[in-house]
Amino acid sequence: MKLTVWTYEGPPHVGAMRVATGMKGVHYVLHAPQGDTYADLLFTMIERRSERPPVTYTTFQARDLGTDTAELFKNACRDAYTRFQPEAMIVGASCTAELIQDDPGGLARALDLPIPVLPLDLPSYQRKENWGASETFYQLVRTLAAKQATPRPDGARPSCNILGATALGFRHRDDVVEVRRLLGLLGIDVNVAAPLDATPADLRRLPDADFNVLLYPEIGDVAARWLEKTYGQPCVRTVPIGLGATRDFIAEVAKIAGVDPAAALESDPSRLPWWSRSVDSNYLTGKRVFIFGDASHAIAAARVASEELGFEVVGLGAYNREMAREVRAAATLYGVEATISDDYLEVEAVIAALQPELVLGTQMERHISKRLNIPCAVISAPAHVQDFPARYSPQMGFEGANVLFDTWVHPLVMGLEEHLLTMFRDDFEFNDAAGPSHLAAHAPPPAAALAASVSEITWTPEAEAELSKIPFFVRGKARRNAERFASERGLPTIHIETLYDAKSHYTK
Amino acid sequence: MTQSASIASCDDLARPVLRERGQREVFCGLTGIVWLHRKIQDAFFLVVGSRTCAHLIQSAAGVMVFAEPRFATAIMEERDLAGLADANEELDRVVDKLLERRPEIRLLFLVGSCPSEVIKLDLSRAAQRLSKKHSPAVRVLNYSGSGIETTFTQGEDACLAALVPDAPQSEADAPQSLLVVGALPDIVEDQFARIFADLGIKDVAFFPPRRSTQMPAIGPNTRFLIAQPFLGDTARMLEERGARRLPALIPLGAEGTTHWFKAAADAWGIDAGTFQRAIAPGRDRAKRALSRHRDALQGKSIFFFPDSQLEPPLARFLAQELGMRPIEIGTPYLNRDLLSAELEQLPADALLSEGQDVDLQLDRCRAARPDIIVCGLGLANPLEREGFTTKWSIELVFSPIHGFDCAGDLAGLFARPLARRAMLRV
Ligand code: SF4
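Calculation criteria
- Residues numbered from 1 in each chain as written.
- Chains lettered and ligands numbered in written order.
- Predicted model: local features only at pLDDT ≥ 70, side-chain atom pairs only at ≥ 80, totals over all residues.
- Helix = DSSP H or I, 4+ residues; strand = E, 2+ residues; numbered from the N terminus.
- Rg over C-alpha atoms; globule rule 2.2 N^0.38 Å.
- Buried ≥ 20, exposed ≤ 12 C-beta atoms within 10 Å, placed from the backbone.
- Contact = placed C-beta atoms within 7 Å.
- Near = placed C-beta within 6 Å.
- Nonpolar A, V, L, I, M, F, W, Y, C, P; charged D, E, K, R; others polar.
- Pairing = 2+ DSSP bridges.
- Axes fitted to C-alpha atoms, helices over the stretch in contact; angles between N-to-C directions.
- Core = buried A, V, L, I, M, F, W, Y, C linked by C-beta atoms within 7 Å.
- Expected span 1.5 Å × (residues − 1).
- Arc of directions from axis to C-beta.
- Right-handed = clockwise from strand over helix to strand, strands pointing away.
- Domains from an automatic or database assignment.

Digging into the overall build of chain B
Moving on, step 1. The secondary structure content of chain B amounts to 17 helices and 15 strands.
Moving on, step 2. Computed over the C-alpha atoms, the radius of gyration of chain B is 22 Å, within 12% of the 22 Å expected from 2.2 N^0.38 for a compact globule of 426 residues.
Moving on, step 3. With the C-alpha coordinates of chain B rotated into their principal frame, the extents come out at 60 × 55 × 45 Å.
Moving on, step 4. Every one of the 426 residues in chain B was classed for burial, and the buried ones make up 55%.
Moving on, step 5. Pairs at least 24 apart in sequence give 73% of the contacts found in chain B among residues at least 6 apart.

Examining the site of the ligand
Moving on, step 1. Around the ligand, 17 residues are found, and the nearest of them are Gly35 of chain A together with Cys28, Cys53, Cys114 and Gly147 of chain B.
Moving on, step 2. Residues lining the ligand come from chains A and B.
Moving on, step 3. Those elements that place two or more of their residues in the shell around the ligand are helix H4 (95-100) of chain A together with helix H2 (51-61) of chain B.
Moving on, step 4. Residues that form the shell around the ligand fall into these classes: seven nonpolar, nine polar and one charged.

A look at the sheet that holds strand E7 (residues 189-195) of chain A
All names here are of chain A.
Moving on, step 1. On the basis of which strands lie adjacent, the open sheet formed by four strands has the order E7-E6-E8-E9 and parallel pairing. Either end of the sheet is taken by a strand with one partner, and the two such strands are E7 and strand E9 (235-236).
Moving on, step 2. Of the pairings in the sheet, the one linking strand E6 (residues 159-165) to E7 comprises six bridges and is parallel in character. Across the sheet, Cys160 pairs through a bridge with Val190, a residue of E7.
Moving on, step 3. With respect to the sheet, helix H7 (residues 172-185) is in contact with E6, E7 and strand E8 (211-214), its orientation differing from that of E6 by roughly 165°.

Remarks on the nonpolar core
Moving on, step 1. In this structure, Ile291 of chain A together with Leu46 of chain B are the most contacted members of the largest nonpolar core, which totals 277 residues.
Moving on, step 2. No other element matches the eight residues that helix H13 (residues 295-308) of chain A contributes to this core.
Moving on, step 3. Leaving out residues up to four positions away in the same chain, Ile291 of chain A has contacts with Ala298, Ala301, Ala302, Ala305, Val313, Gly315, Leu316 and Leu360 of chain A.
Moving on, step 4. If you look at the next biggest cluster of nonpolar residues, it comprises seven residues, including Ala482, Ala486, Ile494 and Ala502 of chain A.

Examining unusual backbone geometry
Residue and element names in this part refer to chain A.
Moving on, step 1. At the junction of Ala381 and Pro382, the peptide bond is cis and its omega measures out at 0° in the coordinates.
Moving on, step 2. Unlike most non-glycine residues, Asp103 shows phi in positive territory, near 60°.
Moving on, step 3. Inspection of the secondary structure puts Asp103 in the loop between H4 and helix H5 (104-111).
Moving on, step 4. A positive phi angle, close to 60°, is found at Asn373, a residue other than glycine.

Observations regarding the sheet that holds strand E10 (residues 244-245) of chain B
Residues and elements named next belong to chain B.
Moving on, step 1. Spatially, the four strands line up as an open sheet ordered E8-E7-E9-E10, and their pairing is parallel. For this open sheet the edge positions go to strand E8 (204-207) and E10, each flanked by a neighbour on one side alone.
Moving on, step 2. In terms of strand pairing, strand E9 (residues 222-226) meets E10 through two bridges, oriented parallel. Across the sheet, Arg223 pairs through a bridge with Arg244, a residue of E10.

Quick notes on helix H8 (residues 186-199) of chain B
All names here are of chain B.
Moving on, step 1. Counted at 1.5 Å a residue, the expected span for H8 with its 14 residues is 20 Å, and the 20 Å between its end C-alpha atoms agrees.
Moving on, step 2. For H8, the full list of buried residues reads Val188, Glu189, Phe192, Ile195, Phe196 and Leu199. Axial view of H8: buried residues confined to an arc of 130°, hence all on one face.
Moving on, step 3. In the stretch just after H8, Gly200 is the one whose phi turns positive, near 90°.

Thoughts on the pairing of E6 of chain A
Side-chain direction in a regular strand flips from residue to residue, so the side chains alternate between the two faces of the sheet.
Residue and element names in this part refer to chain A.
Moving on, step 1. Most of E6 is tucked away: six of the seven residues are buried.
Moving on, step 2. At this point the chain moves from E6, through H7, to the parallel E7, and the crossover so formed is right-handed.
Moving on, step 3. Strand direction decides the pairing type here: E6 and E8, joined by four bridges, are parallel. Following the sheet pairing, Leu163 is matched in E8 by Leu214.

Digging into the domain arrangement of chain B
Residue and element names in this part refer to chain B.
Moving on, step 1. Here chain B is described as being made up of domain 1 (5-25 + 286-423), domain 2 (29-150) and domain 3 (177-280).
Moving on, step 2. For domain 2 and domain 3, the distance between their C-alpha centroids amounts to 30 Å.
Moving on, step 3. Listed as interface residues are nine residues of domain 2 and, on the opposing side, six residues of domain 3.
Moving on, step 4. By residue number, the principal contributor to the side of domain 2 that touches domain 3 is helix H1 (residues 33-39), which donates three residues.
Moving on, step 5. Across the side of domain 2 that touches domain 3, the residue classes break down as five nonpolar, one polar and three charged.

Considering the interface of chain A and chain B
Moving on, step 1. Facing 50 residues of chain A, the contacting portion of chain B comprises 53 residues.
Moving on, step 2. The residue inventory of the side of chain A that touches chain B, partitioned by class, reads 21 nonpolar, 18 polar and eleven charged.
Moving on, step 3. Strand direction decides the pairing type here: strand E1 (residues 2-4) of chain A and strand E4 (residues 71-75) of chain B, joined by three bridges, are antiparallel. Counterpart to Lys2 of chain A in the pairing with E4 of chain B is Ile75 of chain B.

What follows is the structure, encoded as C-alpha cells:
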C-alpha cells in the first residue's frame, strides 16, 4: 500500500481513454463501477471537449456482483455498438473489474461484432496513465496496421507519420500543427498523425509512410518501435521543444528523409534568440530554476532553460519512473541529482529545500510554488483548464520557442522593474509588499513563506527587520544562506552582522 | 443499455416513478470527502483503494489543492492483493506513518472503496484494531464510499451514520434538544443558529460537529431535523438511539426553510407570534431576493439528471417559488420516507425517475428540449455544444444554498446560465 495525497498520473484506463477520445470512430467499453465515470469530466471540463468521451461504463453495483456482471458487460457492448456504430471497439476493465475477473475480451469476442474488437489488459495495480495510453495505442496499431505498405510512385515526396499526441495531452493539439508546418517546410507529407484525430482506417495506413516522427515517447514509443521492427520505418526521436532541439529535429528529419534542411532552418521565425539577448533579459542570467514533469518535457525544458535562457538548472526530475534513466543522464549535464518520484510531498520537500527562483513543473508544482511563493510556469501534464488556452500555443517548433520564452519569463519580475524594486525598496509606496505590478493580485508574500524554515536558530528582531527589507524574490535565499552560515559555524542567533557576513560569504 | 426499466407505482406514493438500471453517470460516495474534510476540522479521511479512487477525489476537488489536505488514499498494489494478512499489516503501517506525520488528527476515517470491498478487506475490524492501538489520542472509524455501494452524496450519509454510535449518550432526564443533521457550510449553520436562538430553542447542535471532540449527546430527548435529503441511514441510526425525526421539507427557499423551522417550533410548542417574529425578517429577505430572479426563471422548463438526491427538493423550490416547470426530476435514489413532504408538493406533470440509463435519458432530454438542464460535469459541455443551457449539479452541493439568506443565491445559480446565454453574441 502506498500513501498518496495527490497523483501525477491517473490509472491506466484513463490513458486508454486519452487514446480513444483523441481518435475518431473508436469506442471504449469499460467494465467499471459508477464512480469511475468521473474520468469523463477530465475531457469535457479540463480540455473543454464538446463531445462526451466515447466510453461506455458498465457501472455494476454490489448487488450485481457474483450474479450477472458478465451479462451486464455483454449488454453494454452490444448497446454501445448499436448506438454509436464505431469502426473499432476496445474493451477492458478498471481496477475493480480486474478483481472480479469477468474477462471482457472473451465476452466481447463471443458477441461476434462485425468490427475489430480489441481486448486491453491494463494492470491497474501496477501501471499508470501514460503506460495505459502507450499500451492502448500499441495494441491498436498492431491490430489495425497489419498489412503491407502500399507502394508509392517514384519521385513521390517523402512521407511520415506523427506519433504520440492524444486527448488531454499538454499542448498536443498545437504541437501537431506546428510539427506539420515544420515538415511542410521540408517538403515532407504527413501520412497519418495518431492517435489524436486519427480513425481506425488511418491506423491501417501507417505502414505507407517512409518514417515516423515520435513527439511523445511516453505514449508513442512502443508503437514506434513495433513499426520500425515490422515495416522498417526509422523513427525521428528528437523532441522539438526549444530552438536548439527544433534545429536538431529538422536536421534529423532531413537526414532520414534525404532532403535539404537549409530552407527550413533559414525560415526560422523564432524571436527567442533576440529576446534572450536583448538587455532586458540580462536579469535572467543564472536564475535558479527547478524543473519537474514527465521525463520528455522536463529534459527538453532543462536544455532550453540552460542554453537558451541562461538559467541555472538547480534541480531536474520526473514522475514517470519508466524514463528514469534518461532523466538521470540529463541531470548529470547540469551537475544535479535527479528527482524521480511520483510522491507530491517529496517533490515539495525538494523545492522547499532548494528555494529556486523559478519552478517549471506541472499543475502540482504550480500549487507547491504558490504556497512557497515562488514563480512557476507549467511545462507538462498533469494539466488544468488554464493549460488548454484558446490561443495557438504550441511548445514545439519555432513558434513553441517563442511561447516558452513568454510563459517562462512572464512569472518573473521584469528586468527593469527588478532594479527599481531594489533601488527603492524602502520607499513607502514602491516597496516589495506591493509586489511586481504586472503579476496578478499584487499579492504580498503569504506569512507562511516568510516564517523561519527548518532550523532552531533564532533571529534577533533587528536581523528580522533587516531581512524584511530585502526584496521578496531573494529573501528566501537570504534567509536560507544566513541560517546555513550560522548553523555551519554553530551560531545560535543571527544578528544583522551574521546576515551580512553570510551575504559576503555566499556572493560569488 | 437498459438492463431493466419499469414504471412502478408505490403504495405510499401516488405518482409513478420511472426506474432505470443502465449506465450511471454519477460520482461514487468517495466524493463526499471533498466537503466532509473541510467540515470536521480535526478528522482525516484515508481511502483504502486504488489509483482510480485517488484520481477521482483529486479530479472532483479540482483546484482545491490545500496545504496538505486531510485526506489521502492508501493505494493498494499488486502485492496487497496477494493475501489479506498482508493488506492488514500494510494498512496498519500506513496509518502509523500517517498519524506520526499528522499529530493534530483526532478522528480517522478508514473509507472503503470498490477494490477494498471486492477483496473483502474488513475495514471495521481494522478500525477497531487501530482505534485500540491509537487510543486515546485518535479514534478510528470506518465507512464505505465505494461506487458499488454508494452514489455521490450517499458517502456523506455513510460517514455520518458511522459517526452516530460515537456520540455520547444523553442523560436520561436531559431536556429536549435539537440536532441539525447534514454537513452545511459554517455560514449557513450560523444563520440557522441565530434563528433557533430567536425562536427560543436553546439546546441546538449540528451534526457533524466542526470538531470531533465536540460530539453532541444523543438520546431519547433528541429531536432532529435533516438538512439534506440523502441522509436515510444516518436518520435510521439516530432513531435507533431513540432520537426522533421532525418531518419537514428540506430548508431550500423561503417556503422550505419556513416549513423546516416550523417543524422545530411545533416540537418546542412555540406560539405563532414568536414564530412569526423570529422567521419574518429572514423570510422577507428571501422573498425579496427571489423576486429579483422570478422574471428570468418563471415558466422556464428544467430537466434534472440524477446526481445528489437534492433534485426533488430543488424541483419543488423552483416550481413553487419561482414558477419553473420541471420536466424530469432524476434522482439516483428516491428516499420516499425522508422526502414524503417534498413529493406531495412536486408538480404532478413532472416525471420522477430513479436510477439512470444515461443514453436513454439523454434521448428523453433532447426530445423535451428543456430551457435548462441540471447535470454532472461530464455532460454539461457536450449539452451546451448541442445548444442547451446547463447548470452543473456539483455546484449545488459545494455552495451554500440552504436557508433564507441563501435562497436568492440558489435561484441565481439557475438564472445565471440563462442570463449568460441571452447575453452572448458569439
Ligand atoms: S467507483 Fe469505486 S473504484 Fe471507482 S473511484 Fe469510486 S470507490 Fe474507487
